[in-house]
Amino acid sequence: MTNFYVMTLFPEMIEACLGGSIIGRAREKGIISVNAVNIRDYTLDKHKKVDDYCYSGGAGMLMQPDPVCRCHEAICSEMGLPDGVKPRTVYVTPQGTRFTEQMAVDFSKEEYLIFLCGHYEGIDERALELVATDYVSIGDYVLTGGEMPACIMIDAISRLIPGVLNNEESAVGESFTDGLLEYPQYTRPPEYRGLRVPEILLSGDHAKIEQWKLEQALKRTYERRPEMYEEYLRTHKLPKKTILPDKKEGKL
Ligand code: 6GU
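So, here is what we can say about the structure in this document. If you're wondering where the values come from, they're calculated on a predicted model, not measured in any experiment.

Criteria and thresholds
Residues numbered from 1 in each chain as written. Predicted model: local features only at pLDDT ≥ 70, side-chain atom pairs only at ≥ 80, totals over all residues. Heavy atoms only, no water. Near = heavy atom within 4 Å. Polar contact = N/O pair within 3.5 Å; in protein donor to acceptor, adjacent residues only side chain to side chain. Areas by Shrake-Rupley, 256 points an atom, 1.4 Å probe, with all protein chains shown as cover. Helix = DSSP H or I, 4+ residues; strand = E, 2+ residues; numbered from the N terminus. Nonpolar A, V, L, I, M, F, W, Y, C, P; charged D, E, K, R; others polar. Core = buried A, V, L, I, M, F, W, Y, C linked by side-chain atoms within 4.5 Å. Buried < 20%, exposed > 50% of the residue type's maximum accessible area, 1.4 Å probe, protein only. Contact = heavy atoms within 4.5 Å. Salt bridge = Lys/Arg side-chain N within 4 Å of Asp/Glu carboxyl O. Pairing = 2+ DSSP bridges. Axes fitted to C-alpha atoms, helices over the stretch in contact; angles between N-to-C directions.

Topic: the site of the ligand
Around the ligand, the neighbouring residues are Val-92, Thr-93, Pro-94, Val-136, Ser-137, Ile-138, Gly-139, Tyr-141, Leu-143, Gly-145 and Pro-149. Here Ile-138 contributes a backbone N or O atom positioned 3.0 Å from a nitrogen atom of the ligand. In this structure, Tyr-141 approaches the ligand through a main-chain N or O atom, which is 2.5 Å from a nitrogen atom. When the free accessible area of the ligand is taken as 290 Å², the share hidden by the protein chains comes to 95%. By residue number, the principal contributor to the shell around the ligand is strand β5 (residues 88-98), which donates three residues. Residue classes in the shell around the ligand are distributed as seven nonpolar, four polar and no charged.

Brief notes about the nonpolar core
With 28 residues, the main nonpolar core has Phe-4, Ile-32, Phe-99, Phe-107, Phe-115, Met-153 and Ile-157 as its most contacted residues. At the level of secondary structure, the elements contributing two or more residues to this core comprise β1 (2-8), α1 (11-18), α2 (21-29), β2 (32-38), β5, α4 (101-107), β6 (112-117) and α6 (147-158). The biggest single contributor to this core is α6, with six residues. The contacts of Phe-99, once residues within four sequence positions are left out, are Ala-104, Phe-107, Val-136, Ser-137, Ile-138, Met-153, Ala-156 and Ile-157. By size, the runner-up hydrophobic cluster in this structure holds 22 residues, among which are Met-7, Val-50, Cys-71 and Tyr-112.

A look at the environment of Phe-10
Examined against the element boundaries, Phe-10 turns out to sit in the loop between β1 and α1. Taking C-alpha positions, Phe-10 is 21 Å from Arg-88, a pair spaced 78 residues apart along the chain. Once residues lying within four places of it in the same chain are set aside, the contact partners of Phe-10 are His-119 and Glu-147.

Overview of the side chain of Ser-33
With respect to the helices, strands and loops of the structure, Ser-33 is situated in strand β2. Take Ser-33: its relative accessible area is 15%, and that puts it in the buried class. Only 2.8 Å separates the side chain of Ser-33 from the side chain of Asn-3, close enough to count as a polar contact. Polar contacts involving the side chain of Ser-33 include one to the side chain of Asn-35, which spans 3.4 Å. Not counting residues up to four positions away in its chain, the partners in contact with Ser-33 are Met-1, Thr-2, Asn-3 and Phe-4.

Topic: the pattern of salt bridges
A full pass over the atoms with the stated rule returns 14 salt bridges. A salt bridge links Arg-234 to Glu-231; the nearest nitrogen and oxygen atoms lie 3.2 Å apart. With a gap of three residues between them, Arg-234 and Glu-231 both fall in helix α9 (residues 226-235), about one helical turn apart. Classification of Arg-234 by relative accessible area gives exposed; the value is 62%.

Topic: the side chain of Thr-221
Residue placement: Thr-221 occurs in helix α8 (residues 206-224). In terms of polar contacts, Thr-221 uses its side chain to reach the backbone carbonyl oxygen of Ala-217, at 2.7 Å. The residues touching Thr-221, leaving out its near neighbours within four places in the chain, are Leu-180, Leu-181, Pro-226, Met-228 and Tyr-229.

Quick notes on the sheet that holds β6
Read across the sheet, five strands follow the order β2-β1-β6-β5-β7 without closing on themselves; strand pairing throughout is parallel. The sheet is open, and its two edges are formed by β2 and β7 (134-137), each paired on a single side. Each adjacent strand pair in this sheet contributes to an overall mean axis angle of 30 degrees, direction not counted. Examined bridge by bridge, β1 and β6 share five bridges and lie parallel to one another. Among the inter-strand pairings, Asn-3 is bridged to a residue of β6, identified as Tyr-112.

Structure, rendered in structure tokens:
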């Protein structure tokens, strides 16, 4: 059982993202739990204030440390972990390490994971020093808050947990699991608006189809993710007959 906690000022955003579809079903089955916790519930301020001006000046407001730390303590107490054991706490920030499939694999082994979402200009550094174990970004662009990145990471982690996906949805042999983008796929009809399904797929020759799938995956990766293509060639041995997208014939 993997238990996700999301510390946020906007808990309804978490439920909106992770309430339905495959993640919603996994929660109903009890394979994972997702708990959105409102940081504002932990302020001692009579007006429920959670932010203030930055000492460094500038326009934005910063989340104050106390509500964040008190919220984190409450979550940790609820977990009932042995003394001294601290759950991994991910601060979701564009100033973090970029999230990858390998990080999703690592996080999927934890029983408890806390995501801390900032808003406004971010969070007082002292609160981060006290609670954060990891600093993670989902990519090189700026969003208005950490809620959607947290949901994205929880989705990517959850689908790796046994029982979350069924056979048809299975997580093996997909983009990023084996280092290539996926080959194009087709269903009926065999011709649509003048476009035909590649003949080889209708031939029933399974060996040829496997080779075609590999070459299509190589071509797509070469065109769309050249750095990923180079890495794949460097680390994998291909069948001699393979036609590479950048050369006429397979080398070796
Ligand atoms: Cl984790 N948070 C925010 N606010 N923006 C981001 C991000 C995270 N990752 C990329 N952009």
